[in-house]
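Examining the three-dimensional arrangement
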Amino acid sequence: MAEHPHAPLASGARDPRLDFFRGLSLVMIYMNHVPGTFYEHLTSRNYGLSDAAEAFVFMSGCAAALAYGPKIKDGLNWPGIRKCWGRAWLLYLVHIFISAWAIAIAAGATLWFGGGEMLKHNAFGPLTETPLAFLVGIATLGHQLGYVNILPMYAVLLLGAPFLIRLGQKKPLGLLAFSIGLWFVSGLFGLDLPNYPFHGGWFFNPFAWQLLFSLGILTGLFLRAGKRFVPVSPWLIWPASAWLLFCLFWAQSSDLQATFGHVIWTILQYDVPRFLVDFDKTYVSGPRLTHFLALAYILSLPWLIPSIAASRVMKPIRTMGKQGLQVFALGTVLAIFSQAVKTSHPAGFWQDSLLILGGLGLQWAFAAVREHIKPHPTAPKPARA
C-alpha cells in the first residue's frame, strides 16, 4: 500500500478510468434491464459470476471518496456532511421520479396496448392488489420495483459515507475490518432493511453492499494520494487471473454449473453459511464478491487499461460516465419503456436493436448535451445584484 504509480490526483481532476468504467457499467446495466434481447448476452454477467451492479457500487465509493474526502480531510464537519447527505436526498428524489415513470409506463401499456403482463412481474403486483400499501411502500422505499431498486441502497450508503470516508482517512485497515465484519454479520444473521408491503428485505441490501462501497472508498482515497490500496504483485496477479479464467468456464459450461452446483449443495449440508458459497446477489455472496475483486484488481493494473480508458475512441463512454446519475435515470426509464414495447409488441432482432442501440444513443446524446452546457468549473460566477 505504499506504491506511488503516479502523482497525487489534483482537486477537481478526474481519472479517466473512473468515467470509462462507470460509463461501461451503465451501458451493460441498460442492456441487462431489457431482458430477452441478443444484446444481453454481450454483458459481463455472461462471462463471470458478478455483473455491472458490483462495478457501479464500487465506483460510486471511489467517486464519493474523491468528491467528499477533501471536505473532511481535517475532520468531520457539518458542511462536508451536508454535501454528502444532500446527494443522498437527490438520489431519493431521482428514485421517486423514475419509479413514477415506471408505474406510468406499465399502466399505459396495460390500458392502451394490451401489455397487462407487465403488472405480473417486477413487483408491480401490489399496484392492483393493495394500491394504498403499494403507494406507502414506494414513498418510504420499503417497496422497490424490479430494475428500479439500486438508488435506494446507494442513498443509504451515502448517509454513512462521511463517517466511512473519515475512518478510511484515519485507519484504512480499520475501515476494511469494519466493512468486512458488517458484511459477514448481515449475511450470517440476514440483517437487511424491511420490505413493505411484501415480507423480507431490500433486494440490494445496504448492510452487505457497503463492503463494495467501502472498498471503492479506500481505492479512491489512495488514488487521490497517488497510491494503490492493493499493490501490484505477481502473487496476486496470477491467482486473480486464474480465478477469472475458471469463472469464465464456469459461466459458459452447463456441465461445470451442474457439477459445482452439486458441490455447493453438499457444502451447505454441513451448515456452512449460505452467503459464503451461493450466488445470492442480495448479500453479495462469496463467489460473486471474489470474482468482482479479482476482476477489479486485474483491470486496475497500470499497463494497458489506463491508455484504453483515456483514448479518443472511448470518449462517448467516458461522457456517459461523467453524467452517471442522469444517464442512469434516463436509461432506467428507457429500459422500462423497452420492456413495455416488447411485452405489447413482441418482435425480433431488428426491434430489439432499435430499442437497445437507440436507447444507448439517446443516453449518450443526453450526456453530451449536459456536458456541453454545464459551466466550466473555472468559469467566473455571475455577480450578485
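The rules we used
Residues numbered from 1 in each chain as written. Predicted model: local features only at pLDDT ≥ 70, side-chain atom pairs only at ≥ 80, totals over all residues. Heavy atoms only, no water. 1 Å grid on protein atoms, 1.4 Å probe; cavity = no way out; pocket = protein on both sides within 12 Å on 5 of 7 lines; lining within 4 Å. Points joined across faces, edges and corners; volume = space filled by probe spheres on them. Helix = DSSP H or I, 4+ residues; strand = E, 2+ residues; numbered from the N terminus. Buried < 20%, exposed > 50% of the residue type's maximum accessible area, 1.4 Å probe, protein only. Contact = heavy atoms within 4.5 Å. Axes fitted to C-alpha atoms, helices over the stretch in contact; angles between N-to-C directions. Parallel < 35°, antiparallel > 145°, perpendicular 65-115°, else oblique. Nonpolar A, V, L, I, M, F, W, Y, C, P; charged D, E, K, R; others polar. Phe/Tyr/Trp six-rings, centres within 6.5 Å; stacked < 30°, edge-to-face > 60°. Salt bridge = Lys/Arg side-chain N within 4 Å of Asp/Glu carboxyl O. Patch = residues over 30% accessible without salt bridge, like charges linked within 9 Å, V, L, I, M, F, W, Y side chains within 5 Å. Areas by Shrake-Rupley, 256 points an atom, 1.4 Å probe, with all protein chains shown as cover. Core = buried A, V, L, I, M, F, W, Y, C linked by side-chain atoms within 4.5 Å.

Let us now look at empty space enclosed by the protein. Evaluated as defined, the whole model comprises one cavity of 30 Å³ or more. Around the largest cavity, the lining residues are L26, I29, Y30, H33, V327, F328, G331, T332, A335 and Q363. Only α1 (16–32) and α15 (324–344) provide two or more residues apiece to the lining of the largest cavity.

By the secondary structure assignment, S285 is in the loop between α11 (274–277) and α12 (286–299). Its relative accessible area of 0% is what places S285 among the buried residues. Measuring from C-alpha to C-alpha, the distance between S285 and F275 comes to 4.7 Å, with ten residues separating the pair along the chain. For S285, the residues in contact, after removing those within four places along its chain, are F275, D278, F279 and D280.

Running from N to C, helix α3 (residues 78–112) and helix α6 (residues 151–170) point in directions that differ by 175°, and their axes come no closer than 8 Å. If you check the angle between α3 and α6, you find them roughly antiparallel. Across the interface between the two elements, I81, C84, W85, R87, A88, L91, V94, H95 and I98 from α3 touch L151, P152, Y154, A155, L158, L159, A161, P162 and F163 from α6. Classifying every residue of the contact of α3 with α6 by side-chain character gives 16 nonpolar, one polar and one charged.

We now examine the packing of aromatic side chains. According to the stated counting rule, one finds 21 aromatic pairs in the structure shown. Note on F203 and F204: the rings are 5.1 Å apart at their centroids and 90° apart in plane angle, and the pair reads as edge-to-face. For F203, a relative accessible area of 39% translates into the label partly exposed. Residue F204 is classed as buried on the basis of its relative accessible area of 5%. With a centroid separation of 5.2 Å and an interplanar angle of 65°, the aromatic rings of F222 and F229 are classed as edge-to-face. By relative accessible area, which is 12% here, F229 ends up buried. An aromatic cluster is defined as three or more aromatic residues linked by ring pairs; in this entry it consists of W243, F246, W250, F260 and F279.

Of note, the bond from Y196 into P197 is cis; its omega dihedral lies within 30 degrees of zero at 10°. Mapped onto the secondary structure, P197 falls in the loop between α7 (172–189) and α8 (206–224). The backbone of A123 shows a phi angle near 65°, a positive value even though the residue is not glycine. The topology assignment puts A123 in the loop between α3 and α4 (125–129). Of note in the backbone geometry, D271 takes a positive phi value of approximately 65° without being a glycine.

One can find F229 in the loop between α8 and α9 (234–252). Here the alpha-carbon distance between F229 and T219, two residues ten residues apart in the chain, equals 5.7 Å.

On to the packing of α1 against helix α14 (residues 315–322), then. With their axes 7 Å apart at the nearest point, α1 and α14 run at an angle of 85° to one another. The angle between α1 and α14 falls in the class roughly perpendicular. Counting all contacts with α1, which are made through P16, D19, F20, R22, G23, L24, L26 and V27, the residues of α14 involved are I317, R318, M320, G321 and K322. Of the residues belonging to the contact of α1 with α14, the class tally is seven nonpolar, two polar and four charged.

With that settled, consider the pattern of salt bridges. Summed over the entire model, instances satisfying the criterion amount to ten salt bridges. For E54, the salt bridge identified is with R288, shortest N-O distance 2.8 Å. Placement of E54 in helix α2 (residues 52–68) and of R288 in helix α12 is noted, with a sequence separation of 234 residues between them. R288 matches E54 in its accessibility class, with the two residues each being buried. Salt-bridge contacts for K120 lead to E117; the nearest nitrogen and oxygen are separated by 3.6 Å.

With respect to the helices and strands, the residue I373 is situated in helix α16 (residues 349–373). As a C-alpha pair, I373 and A294 span 79 residues in sequence and 38 Å in three-dimensional space.

Among the surface-exposed residues, F184, V185, L188, F189, L191 and L276 lie close enough to one another that they form a single nonpolar patch of about 500 Å² accessible area. With four residues, α7 is the single largest residue contributor to the nonpolar patch. Along the chain, V185 turns up in helix α7.

What follows covers the nonpolar core. Ranked by size, the top nonpolar core spans 88 residues in total, and within it I150, L151, L158, W209 and F213 carry the most contacts. Ranked by the residues each element gives to this core, the list is headed by α2, at 13 residues. Residues within four places of L151 in sequence aside, it is in contact with L91, V94, H95, I98, L325 and F328.

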